[in-house]
Amino acid sequence: MLVAPVYAHEFWIAPVTYNFDTGQPIEANFRIGQDFSGSRLSFLNHRTVRHEVFQSGSSTKILGRDGDRPAFQTGGLNDGLAILVHETNDSILNYSDYEKFKNFVIHKDFGGVLNAHEERGLPKTGFSESYRRYAKSLIAIGHGRGKDIIVGLDIEILALRNPYIEDLSGGMRVQVLMNGQPRPYVKVELFRKLIETDEDFGIKSYLTDKNGIAIFPVETGYKYMVDNVALIPLEQKKESDPVWHSLWANLTFSVPKN
């Protein structure tokens, strides 16, 4: 386990509550920031690739309206575990300061990237990176029974335990997947806050095993965010094209008090 500062901003789904009554309308905010604290974002169609809710193995597309806040709004659901899913389209980040890129690479443990950047003959300023966000959130409707499923994101975090009904005394287990395959020996970051007061308790980092699985301790009365990032090289077709692409996976859930 490693403890480290944050050099990049996370994007996550923040439900107004993680435990909804049966039939209660679902609302969740989009947030971007650091240390599990950030600004609310509005829903924008032109920035959206997927906007769905999964329950009992089936998915429903959510028809958002530009400017919606909370950004995730849908009608009530039946009892069970529900999975909120949102995928953005690509955005571009331009680097005028190589130290920012270097700090990002070091913090996320992207081994070999700095050497690869140099070997490719890429400049240290004036280059760009494209990035895309893939967010999931687990919420309990009524009894909250059910399991998280693979929803087919390019990169995603799969909860291997249901935090609302299962015994987590042995730790919460998640699996990181990319293109449907486990991501072994990669870094995941864990953020937590008290549900009642929103008090922040810092960031801890874990390494996935050979099957892409990370295990970490959790406590009742907290909400959690898990984050994993991948960075892949891009070949430029023209000089202004990005030379790297990052994929950001995020999962939020809570562990209610007994």
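For the structure itself, consult the block above.
Computed from a predicted structure; not experimentally measured.

Reading the values: rules and limits
- Residues numbered from 1 in each chain as written.
- Predicted model: local features only at pLDDT ≥ 70, side-chain atom pairs only at ≥ 80, totals over all residues.
- Heavy atoms only, no water.
- Salt bridge = Lys/Arg side-chain N within 4 Å of Asp/Glu carboxyl O.
- Helix = DSSP H or I, 4+ residues; strand = E, 2+ residues; numbered from the N terminus.
- Buried < 20%, exposed > 50% of the residue type's maximum accessible area, 1.4 Å probe, protein only.
- Core = buried A, V, L, I, M, F, W, Y, C linked by side-chain atoms within 4.5 Å.
- Contact = heavy atoms within 4.5 Å.
- 1 Å grid on protein atoms, 1.4 Å probe; cavity = no way out; pocket = protein on both sides within 12 Å on 5 of 7 lines; lining within 4 Å.
- Points joined across faces, edges and corners; volume = space filled by probe spheres on them.
- Nonpolar A, V, L, I, M, F, W, Y, C, P; charged D, E, K, R; others polar.

Visitor: What exactly am I supposed to notice about the pattern of salt bridges here?
Guide: Enumeration according to the criterion identifies 12 salt bridges in this entry. For K108, the salt bridge is made with E10, and the minimal N-O distance between the two is 3.9 Å. One end of the pair, K108, is in the loop between α1 (98–107) and α2 (113–119); the other, E10, is in strand β1 (residues 10–15), and 98 residues separate them in sequence. No difference in accessibility class separates K108 from E10, as the two residues are buried. Across the pair K136 and E156 runs a salt bridge whose closest N-O atoms are separated by 3.0 Å. Pair noted here: K136 is in strand β10 (residues 127–141) and E156 is in strand β11 (residues 155–159), with a separation of 20 residues, a long-range link. Three or more residues are tied together by salt bridges with common partners; here these are E10, K108, E189 and D227.

Visitor: Before we go on, may I ask you to explain the nonpolar core in this structure?
Guide: In globular proteins that are soluble, nonpolar side chains generally tend to be buried together. Among the nonpolar cores identified, the biggest contains 51 residues, and F216 and F253 are the most heavily contacted of them. Considering each element in turn, this core owes the most residues, six residues, to β10. Contact partners of F216, with chain neighbours within four places excluded, come to G171, M172, V174, L190, Y206, V226 and F253. Counting residues in each nonpolar core, the second largest holds 14 residues, with Y95, V229, V243 and W244 among its members.

Visitor: For this particular structure, what's the right way to read empty space enclosed by the protein?
Guide: Here the idea is plain: a probe the size of a water molecule rolls over the atoms and shows the empty space left. In the structure shown here, the tally under the stated rule is one cavity of 30 Å³ or more. What lines the largest cavity is K108, K187, V188, E189, D227, N228 and V229. Of the residues that constitute the lining of the largest cavity, the class distribution is two nonpolar, one polar and four charged.

Interpretation note: all reported values are geometric properties and have no functional meaning in isolation.
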